[in-house]
Amino acid sequence: MAGRAMSRGRVGAALLVPVAAVMTVGAVWQYLARPSAPARRAPPEATSPQGGMARSGSPDKPRRPGPAGPGDWFEDVTARSGVLHAYSTGMEHGHLSILESLGGGVALFDADGDGDLDLFLPGGGGYTGDERRTIVGRPSSLWRNEGDLRFTDVTAAAGIETTGLYSHGVAIADYDRDGLDDLVVTGYGGLLLFHNEGGWFTDATAAAGLSARTVAGGMPAWGTSAAWADFDGDGDADLVVCRYVNWSFATHRRCWYHDESLADVCPPRSFAPLPAALYRNDGDGTFTDVAEMVGMLEPMHVASMKGLGVVAADLNDDRRPDIYMANDTTSNLLFLNRGDRFEERGVAAGVAHDDRGLANGSMGIAVGDPFGSGRPSLLVTNYQHEVPALYRNDGDGHFTFASRSSGVTAVGLSFVGFGTTFADFDQDGWEDIAIVNGHVIRHPQGTTIAQRPVLARNAGRGRFIVVSDEGGTYFRAAHHGRGLAGGDLDDDGAVDLVVSHVDEPVVVLHNRAGHGRGWIGVDLADGARRDRVGTRVALECGGTRQHRFVIGGGTYLSHGDRRLLFGLGDDAPPRADVTVTWPDGSVSRWDGLAAGRYHRLERDDPAAVMEGRAVSR
């Protein structure tokens, strides 16, 4: 922000309102749980993701994959990859705490500077002590990419120690502009900042001023998803962290849903919200929380802050990264960046609620251009009996709820969605959708705990067809999914997937759908190492035009490949033209880039054709 806040030089108990006043169709998580309340009528049965009617409360165990079929989009290569990691929750101790429901994320980034995508996996946590009520962290892991889809565990040598935190999320950026990607890990008890020293890491949390473990009123600093972006235009990456609810064993209670004898995890409406944080990068290795100073913590905003997902992206084409926050059972928030402050416009823009005007149980976020409009649209994953929300960007400051018209509602109402991404998996020039699912309570009705992931093919201009059965063995089985990150693990031009689960091993999926089709990859660079969130890239090839956007955060608790991939389809011309609009408004163009390879595009490349000049922010 240019003003003082960002430049350098309804807290309380959640009310239990009557079900009739607030209940939406099947909103089990949101409204039916009652602490020691009389039993309520269960919602209607829903179609099982496996087909037919699901068994109520069935804790279906995930099925291990068989061999991939000849037409499968993805092959499960986990065993071959060598990656062996499972996120821990501590649910075996029987607390039924909401802490155990969130799970963990995935980060794909080049940790050692060799050009390959390495893999970081938060470890989660558990309990210790006489009554098992002392919350502790479990080890996270870092995996070095050796090539050929094989990874080596380098956690011990890397120096990343997260056991002081019940970890959930991860976000990546070069916060000190030394050319190396650093990482922040979020969780119950605050966050941890690790500075990259060249493949090994030092804990910079305390030195950066980020070691607070509580927020206002002594509530726990329960961080979930995070996103890096240069919000104030000084070139340095700032950090936004959303937080969840005021749960601790002091506020823990017994809840149930359709049967009083079946104790279960309490819903988020049982707990007060926690304020998000916006940490300004002060440029000297330290950070200052300016969320209140820039207008993000007005009481009406904080009342909705039960945040699980967050993304930083330029959503209104003003060359400033905005913040979109997915909240659990409360209104989603859109903070538009006005330079020296943020203005919340979620309701006005049409992205706070679904098409019925109701808040959803929102978790994951994806940003992409599935309609081919050149504008970034939003996809938000939601709770059971709520459809994934696809908000089409209309370009006038408003979005249209397009889930029904696009065919996204065909995924059904049985899922509890988490990690998600837009990516052109089959390289036909249109961005497809992947979503991982899994329930958060122990005795759901009308569906199962483990759930199938969703794969939807974009048939053109945002018309989606569910093709999960063609996704491969992983997509044909039920899982307890949470984090999802997409990236090209073997540099073959196709977006692969890594998925984390609750108390189930991480899975590595190799993309086979796009092989044989043309593609171009773009790796953006800036000699001054300024943060690039908000950059827009347009590719023209064979009379068609595609757009990609550099974002911070997104998906759920995860970080995907920041290189940009464009599928060119069958019989594509061998070359394409690429135009890059940088965050300050300056434009660079490269003509005749060869297909079938990645191109590192330097902002100050003298070979690029410069169009326009930097604009004042």
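These numbers come from a predicted model, not from an experiment.

*Asks:* Quick rundown of the sheet that holds strand β41 (residues 598-602)? Include the residues and the values.
*Replies:* Spatially, three strands are ordered β38-β34-β41 in an open sheet, and the strand pairing comes out mixed. Strands at the two margins of the open sheet, each flanked by one partner only, are β38 (564-569) and β41. The average undirected angle you get between the axes of adjacent strands in this sheet is 25 degrees.

*Asks:* Can you lay out the state of the cysteines for me, pointing to particular residues and giving the numbers?
*Replies:* Applying the stated rule across the entire model yields one disulfide. Two residues share a disulfide in this structure: C255 and C266, whose sulfurs sit 2.0 Å from each other. Taking the torsion about the sulfur-sulfur bond, which here is approximately 95 degrees, the covalent link between C255 and C266 counts as right-handed. Pair noted here: C255 is in strand β15 (residues 255-256) and C266 is in the loop between β16 (263-264) and β17 (277-281), with a separation of 11 residues, a long-range link. When sorted by exposure, C255 lands in the same class as C266, which is buried.

*Asks:* Provide a residue-level description of the confidence of the model for the chain, including the pertinent values.
*Replies:* Mean pLDDT for the chain: 90, with 88% of residues reaching 70 or above. Taken element by element, the chain is modelled with least confidence in helix α1 (residues 19-22), mean pLDDT 32, and with most confidence in strand β24 (residues 377-380), mean pLDDT 99. The low-confidence segment residues 7-64 (pLDDT under 50) makes 148 contacts with residues lying over four places distant or belonging to another chain. Considering only residues more than four positions removed or in separate chains, one finds that residues 612-617, a stretch of pLDDT under 50, has 15 contacts.

*Asks:* Go over the nonpolar core with me, naming the residues and quoting the values.
*Replies:* The biggest cluster of nonpolar side chains holds 39 residues, and the ones touching the most others in it are L278, M296 and L524. Taken domain by domain, the makeup of this core includes at least three residues from each of domain 1 (88-519) and domain 2 (520-614). Setting aside residues no more than four positions away along its own chain, L524 makes contact with R532, T535, V537, V550, L564, V580, W582 and L601. Listed in part, the 31 residues of the second largest apolar core include M219, A221, W247 and F418.

*Asks:* Got a sec to walk through the packing of aromatic side chains? Specific residues and values, please.
*Replies:* The tally for this structure, following the rule as stated, stands at 16 aromatic pairs. With a centroid separation of 5.1 Å and 85 degrees between ring planes, the pair formed by W222 and Y244 is classed as edge-to-face. Linking W222 in the loop between β12 (201-203) and β13 (223-229) with Y244 in the loop between β14 (238-243) and β15, this pair joins segments that are 22 residues apart in sequence. Here W222 falls in the buried class, since its relative accessible area comes to 0%. In this structure Y244 comes out as buried when scored by relative accessible area, which is 1%. Counting every residue linked through ring pairs, the aromatic cluster contains Y127, Y188, W222, Y244, W247 and F249. Positioned over the ring face of F271 is R253, at 5.8 Å from the centre of the ring.

*Asks:* Go over the sheet that holds β14, please, and point to the residues and values.
*Replies:* Pairing in this open sheet of four strands is antiparallel, and the strands run β13-β14-β17-β18 from one edge to the other. Lying at the two open borders of the sheet, with one neighbouring strand each, are β13 and β18 (287-289). Direction aside, the axes of adjacent strands within the sheet are offset by 25 degrees on average.

*Asks:* Summarise the environment of V522; cite the residues concerned and give the values.
*Replies:* With respect to the helices and strands, V522 occurs in strand β34 (residues 518-525). Along the backbone, V522 and R597 are 75 residues apart, and their C-alpha atoms lie at a distance of 8.7 Å. Setting aside chain neighbours within four positions, we find V522 in contact with R563, L564, F566, V578, Y598, H599 and L601.

*Asks:* I'd like a description of the pairing of β38, backed by residues and values.
*Replies:* Among the six residues of β38, six are classified as buried, and the element is accordingly described as predominantly covered. The alternating pattern of β38 places L564, F566 and L568 on one face and L565, G567 and G569 on the opposite face, and all of these are buried.

*Asks:* Describe the pattern of salt bridges, with residues and values.
*Replies:* Taken as a whole and assessed by the stated rule, the structure comprises 27 salt bridges. A salt bridge links D561 to R563; the shortest N-O distance between them is 3.0 Å. D561 gets classed as buried once you look at its relative accessible area, which sits at 14%. Shared partners join several salt bridges into a network, and the residues in it are D526, R530, D584 and R603.

Parameters and conventions
- Residues numbered from 1 in each chain as written.
- Predicted model: local features only at pLDDT ≥ 70, side-chain atom pairs only at ≥ 80, totals over all residues.
- Heavy atoms only, no water.
- Pairing = 2+ DSSP bridges.
- Helix = DSSP H or I, 4+ residues; strand = E, 2+ residues; numbered from the N terminus.
- Axes fitted to C-alpha atoms, helices over the stretch in contact; angles between N-to-C directions.
- Disulfide = S-S within 2.5 Å.
- Buried < 20%, exposed > 50% of the residue type's maximum accessible area, 1.4 Å probe, protein only.
- pLDDT = per-residue confidence, 0-100.
- Contact = heavy atoms within 4.5 Å.
- Core = buried A, V, L, I, M, F, W, Y, C linked by side-chain atoms within 4.5 Å.
- Domains from an automatic or database assignment.
- Phe/Tyr/Trp six-rings, centres within 6.5 Å; stacked < 30°, edge-to-face > 60°.
- Lys NZ or Arg CZ within 6 Å of the ring centre and 35° of its normal.
- Salt bridge = Lys/Arg side-chain N within 4 Å of Asp/Glu carboxyl O.

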